[in-house]
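Tertiary structure, described
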Amino acid sequence: MAAFSDFCVASVEGKVLENICQTAVRLGYDWIAVNTFLTITGKSKKKKQIAVETEPKMVKISDHSDHLLKLESRKFRQFSRITAVLDDNSSAHKLSSPEVQAYDLIAVQPTNDKTFQLACSTLEVDIISLNMTEKIPFFLGRNLINLAIERGIHFEILYSPAIRDSSFRQNTIANAHQLISACKGKSIILSSGCEKALELRSPYDVTNLGLLFGLTSAQSKDAVSKACRAVIMHSEARRLGKSVVGVIKSSELIPKKRWLLQKSGVNDDRDIPSKKKQIQKMTVS
């Protein structure tokens, strides 16, 4: 069974974030992502730069929470996440900056039709998070959403704003139904977006909220488990896609890496030609 996850915990200061993490462990979450918001605008004529104010945060859980995880044979993992609010397409390329790429998960929040189209079709991101607290100012086209799903991108619904305010609740439910109708419940994740521990709900309560948003029972459960695992896999694939393969001589390996040669059956460089001859003989015969 996939781990229960909450991929949007606000990056708040002080012990509030620690309290949120302790509460998440107690409620049954195995994975969380601490989120930092970033606004990218292209309206200024001056040179545009991204200023990431804080580095990815890692919160140390208490001994009590660690003991609870060991009793239940669970492993708690933390991920860093950055959410870029896009106001203009001209600065979207700044998402490739080293400061942004340092985060495990990259999400975008489009604010108009052009940025939504760019996020679905071009941007290398993991999550598209829509502002559900007000009426969505653009059309959620099914073709664009399906294109994003084919690219492995997931759409996010935050439930904590619906807890804070009754008007936010009404807009969140209406917008969630609109999104789920467009994507047919596929590639949806449910996150809290909580700023304090009281706004956090257990995974089973969140699955019930998913039913209220228009998801089926199976889709609601996947939205806090399997779909979140798929987001992590997409993130890893996105980063590894930019990697290269290096080749070095076996004689240049440091002592700690010599076990690689033993596992492959090669002891040193002198054994390599003989191995090739053996393979050639076997091929000819």
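Predicted, not measured: the structure shown is a model, and the values here were computed from it.

This paragraph deals with the confidence of the model for the chain. With 75% of its residues at a pLDDT of 70 or more, the chain shows a mean pLDDT of 82. Scored below 50 in pLDDT, residues 269-285 makes 8 contacts in the model with residues more than four places away or belonging to other chains.

Looking at the secondary structure, you find Asp222 in helix H9 (residues 217-222). Spatially, the C-alpha atoms of Asp222 and Ile188 are 8.3 Å apart, while their sequence positions differ by 34 residues. If sequence neighbours within four positions are ignored, Asp222 has contacts with Ala227 and Cys228.

The next point concerns the pattern of salt bridges. Scanning the model with the defined rule gives 6 salt bridges in all. Between Arg239 and Asp104 there is a salt bridge; the shortest N-O distance is 3.5 Å. Of the two residues, Arg239 is situated in helix H10 (residues 226-240) and Asp104 in the loop between helix H3 (98-101) and strand E4 (105-110); the sequence distance between them amounts to 135 residues. Judged by its relative accessible area of 35%, Arg239 falls in the partly exposed class. Put simply, Glu195 and Arg164 hold a salt bridge, and the shortest N to O gap is 4.0 Å. Of this pair, Glu195 sits in the loop between strand E7 (188-191) and helix H8 (203-213) while Arg164 sits in helix H6 (residues 160-164), and the two are 31 residues apart along the sequence. Within this structure, Arg164, Glu195 and Glu199 form a network of salt bridges that share partners.

The next point concerns helix H1 (residues 15-27). In this model H1 runs 18 Å from its N-terminal to its C-terminal C-alpha over 13 residues, within 8% of the 18 Å that 1.5 Å per residue would give. Buried within H1 are the following residues: Leu17, Ile20, Cys21, Gln22, Thr23, Ala24 and Val25. Looking one or two residues past H1, Gly28 carries a phi angle of roughly 110°, positive in sign.

Definitions and cut-offs
- Residues numbered from 1 in each chain as written.
- Predicted model: local features only at pLDDT ≥ 70, side-chain atom pairs only at ≥ 80, totals over all residues.
- Heavy atoms only, no water.
- pLDDT = per-residue confidence, 0-100.
- Contact = heavy atoms within 4.5 Å.
- Helix = DSSP H or I, 4+ residues; strand = E, 2+ residues; numbered from the N terminus.
- Salt bridge = Lys/Arg side-chain N within 4 Å of Asp/Glu carboxyl O.
- Buried < 20%, exposed > 50% of the residue type's maximum accessible area, 1.4 Å probe, protein only.
- Expected span 1.5 Å × (residues − 1).

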